[in-house]
Amino acid sequence: AEEYQPPIWKSYLYQLQQEAPRPKRIICPREVENRPKYYGREFHGIISREQADELLGGVEGAYILRESQRQPGCYTLALRFGNQTLNYRLFHDGKHFVGEKRFESIHDLVTDGLITLYIETKAAEYISKMTTNPIYEHIGYATLLREKVSRKLSKSKNEPRKTNVTHEEHTAVDKISSLVRRAALTHNDNHFNYEKTHNFKVHTFRGPHWCEYCANFMWGLIAQGVRCSDCGLNVHKQCSKHVPNDCQPDLKRIKKVYCCDLTTLVKAHNTQRPMVVDICIREIEARGLKSEGLYRVSGFTEHIEDVKMAFDRDGEKADISANVYPDINIITGALKLYFRDLPIPVITYDTYSKFIDAAKISNADERLEAVHEVLMLLPPAHYETLRYLMIHLKKVTMNEKDNFMNAENLGIVFGPTLMRPPEDSTLTTLHDMRYQKLIVQILIENEDVLF
């Protein structure tokens, strides 16, 4: 860890932010009637653009608020920048805004606006080329780092003072960025390398922050960039379009097991399939394959919810043994609930219509070929989960004489559980139900050929 060299963060845009003009509020000397309660003394009432320009007096960063002469009830921010007066239509919905960003105060809005205007004026060409030489893709940075991390890890295995080394490792890892953590994870041979897009959301960074893709400063007061809610990667909004689909979710950020994206969950836990699927299927195969009406008979809803909470709370340590839940239908119910709660179904929205079209083909051989082609379009984690489930359901059908569940019966149960139409339409769902059933039936009956 002591060998780690941090990347060189580029401070040019930070320096420009420091140089940006500061807001100068021009106060109205008189009390203005009908002044909106959410505006202060910078509100000058109904005045013209020319009057506003005169009030600002050519001072950079000076600003006033006014009511439009042409559209009473509409408000304008008049701001002096670059030797001209800029007029922006001003809105308020509990917060102040002229564009996407929403601010608690007019002062913050103007401060952020001046920073953005100044940087975009001074560094337009620089910003347009920001993503052309990213630190994210530097071979020397990512590869060298992986080598160092692997050397450290291999050394720690042979080190007699194992506890001390491990403590130093964790101390160092806590200090380095998510970019570094991903590089270390990529080197892990046990890591199932499913491609996953980053889950970027607009984020407000407290204090100075630099983009982990291009190494440039993230300017502004609020919403300076985006953060991946799964792995913590911080980048500019424009840089997020160039980041590879290599998200390595951090378990600290994954708050639950149910209702979590399937690929996110398996990458966070470093497993081939969601551990819920593995644990439930192991339990069902150990004690429930001969149970009559398996998957068709429902367990008590409150007990199924208990299993769900156990997985969300304890993860793979959740106890679903016969001692705790003697009724196997509770475990089958929990497994079905997991699939129903997925934000993107196992058979994804993107492939749904293609599966339905395949099911409509009358020739059995052509239909099987079409189903196989669509299977190849599933994301790897979804494909692997579906494959494992179909192997299990095939075992269920092999015990049909005891459980009375054949492939068609299971298709009725699992069709709407594994696949849902992209649009939330009851009519579409009802119309497609027989095709959903048929797809699952085909997958079970031909599991050895299709997967």
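Use the structure listed above.
One structure accompanies this document, and this report is about it. Residue numbers here run from 1 along each chain, matching the order of that chain's written sequence. Whole-chain, interface and lining totals are the exception, using all residues; otherwise, since this is a predicted model, local features are given only for residues with pLDDT of at least 70 and side-chain atom pairs are given and counted only at 80 or more. The basis for the side-chain values is all heavy atoms of the structure; hydrogens and waters are excluded.

**Focus: the layout of surface pockets**
Step number 1: Throughout, the protein atoms alone are placed on a 1 Å grid, and a set of points is a cavity if a 1.4 Å probe fits but cannot get out or a pocket if it is open with protein on both sides within 12 Å along at least five of seven lines; lining residues have an atom within 4 Å of a point. Grid points are joined across faces, edges and corners, and a volume is the space filled by probe spheres set on the points. Its volume calculated, the second largest pocket comes out at about 740 Å³.
Step number 2: Lining the second largest pocket are 25 residues, with E100, K101, D112, T116 and E120 positioned closest to its centre.
Step number 3: Numbering of helices and strands runs from the N terminus; a helix is a DSSP stretch of H or I covering at least four residues, while a strand is a stretch of E covering at least two. Counting only elements with at least two residues in the lining of the second largest pocket, the list comes to β4 (75–81), α3 (106–122), β8 (225–228) and α8 (237–240).
Step number 4: With seven residues, the top contributor of residues to the lining of the second largest pocket is α3.
Step number 5: Each residue gets one of three labels, nonpolar for Ala, Val, Leu, Ile, Met, Phe, Trp, Tyr, Cys and Pro, charged for Asp, Glu, Lys and Arg, and polar for the others, Gly among them. Its residues assigned to classes, the lining of the second largest pocket shows 12 nonpolar, seven polar and six charged.

**Comments concerning helix α11 (residues 301–314)**
Residues that lie three or four places apart on an α-helix share one face, since the helix turns once every 3.6 residues.
Step number 1: When the terminal C-alpha atoms of α11 are compared, their 20 Å separation across 14 residues agrees well with the 20 Å that a helix rising 1.5 Å per residue should span.
Step number 2: Of all the residues in α11, the buried ones are I304, V307, K308, A310 and F311. Seen from one end, α11 has its buried residues packed into an arc of 155 degrees, which puts them on one side. Among the exposed residues of α11, those pointing more than 90 degrees away from its buried face are T301 and R313.
Step number 3: Structurally, α11 contributes buried residues whose contacts are with α10 (275–287) and α12 (328–341). The span you would expect from a helix comes to 1.5 Å times its residue count less one. With a 1.4 Å probe rolled over the protein chains alone, any residue whose accessible area is under 20% of its type maximum counts as buried; one over 50% counts as exposed, and the rest are partly exposed. This arc corresponds to the set of directions leading from the helix axis out to the C-beta atoms. The contact rule is simple, with two residues in contact once any of their heavy atoms fall within 4.5 Å.

**With respect to the packing of aromatic side chains**
Two numbers describe a pair of aromatic rings. These are the distance of the centres and the angle of the planes.
Step number 1: Any pair of Phe, Tyr and Trp rings, taking the six-membered ring for Trp, is counted once the centres come within 6.5 Å. Such a pair is stacked with planes under 30 degrees apart, edge-to-face with planes over 60 apart, and tilted for the rest. Under the counting rule described, the total for this entry stands at 15 aromatic pairs.
Step number 2: Aromatic pair Y12 and Y126: ring centres 5.0 Å apart, planes at 70 degrees, arrangement edge-to-face. Taken together, the positions of Y12 in helix α1 (residues 12–19) and Y126 in helix α4 (residues 124–128) put the pair 114 residues apart, joining distant regions of the chain.
Step number 3: Ring centres of Y136 and Y213 lie 5.5 Å apart, and the angle between their planes is 40 degrees; on these two criteria the pair is classed as tilted. Residue Y136 is located in the loop between α4 and α5 (139–158), and its partner Y213 is located in the loop between β7 (200–203) and β8; the two are separated by 77 residues in the primary sequence.
Step number 4: A residue is classified by how much of its surface remains accessible, and Y213, at 3% relative accessible area, is buried.
Step number 5: Over the face of the ring belonging to Y388 we find R273, whose NZ or CZ atom lies 3.7 Å from the ring centre.
Step number 6: Over the face of the ring belonging to Y435 we find K360, whose NZ or CZ atom lies 5.3 Å from the ring centre. Our definition puts a charge over a ring when NZ of Lys or CZ of Arg is within 6 Å of the ring centre and also within 35 degrees of the ring normal.

**Notes on the sheet that holds β8**
Step number 1: Strands qualify as paired when DSSP identifies two bridges or more between them. Spatially, three strands are ordered β7-β8-β9 in an open sheet, and the strand pairing comes out antiparallel. Edge positions in the sheet fall to β7 and β9 (234–235), since each has one partner strand and no second.
Step number 2: With two bridges connecting them, β8 and β9 associate as antiparallel partners. Residue pairing in the sheet places R227 in a bridge with N234 of β9.

**With respect to the environment of R206**
Step number 1: Here R206 is to be found in the loop between β7 and β8.
Step number 2: Classification of R206 by relative accessible area gives exposed; the value is 69%.
Step number 3: Along the sequence, R206 and Q224 sit 18 residues apart, while their C-alpha atoms lie 9.8 Å from each other.

**Considering the environment of K101**
Step number 1: Along the chain, K101 turns up in the loop between β6 (96–97) and α3.
Step number 2: In sequence terms K101 and I222 are 121 residues apart; their C-alpha atoms lie 7.6 Å from each other.
Step number 3: Each residue touching K101, except ones within four places of it in the same chain, is listed here: H96, D112, I222 and A223.
Step number 4: Any pair of N or O atoms that falls within 3.5 Å is considered a polar contact. Within protein, one atom must be able to donate a hydrogen and the other to accept it, and sequence-neighbouring residues count only if both atoms are side-chain atoms. Within the structure, K101 has its side chain in polar contact with the side chain of D112 (distance 3.3 Å).

**Some thoughts on the nonpolar core**
Step number 1: Residues grouped as a nonpolar core are buried Ala, Val, Leu, Ile, Met, Phe, Trp, Tyr and Cys residues, joined through side-chain atoms within 4.5 Å. Formed by 68 residues in total, the largest nonpolar core has its most connected members in Y295, F311, F339 and F414.
Step number 2: No other element matches the eight residues that α12 contributes to this core.
Step number 3: Beyond its immediate sequence surroundings of up to four residues, F339 is in contact with V277, V346, T385, L389, F414, T417, L418 and R420.
Step number 4: Within the second largest apolar cluster, 43 residues are counted, among which are V32, I106, Y213 and M218.

**Quick notes on the pattern of salt bridges**
Step number 1: One speaks of a salt bridge when a side-chain nitrogen belonging to Lys or Arg is within 4 Å of a carboxyl oxygen belonging to Asp or Glu. A full pass over the atoms with the stated rule returns 20 salt bridges.
Step number 2: We note a salt bridge from R273 to E384, for which the minimum N-O separation is 2.5 Å. Placement of the pair is R273 in the loop between α9 (262–269) and α10 and E384 in helix α15 (residues 380–397), with a sequence separation of 111 residues.
Step number 3: Given a relative accessible area of 9%, R273 falls into the buried group.
Step number 4: Overlapping salt bridges bring together R273, D278, E384 and R387 as one network.

**So, the state of the cysteines**
Step number 1: Note on terminology: disulfide denotes any pair of cysteine sulfur atoms within 2.5 Å. According to the stated counting rule, one finds zero disulfides in the structure shown.
Step number 2: Here C228 stays unpaired: no disulfide links it, and the sulfur of C231, its closest cysteine neighbor, is 3.6 Å away.
Step number 3: With a relative accessible area of 0%, C228 lands in the buried category.

No statement about biological role is implied by the geometric values presented.
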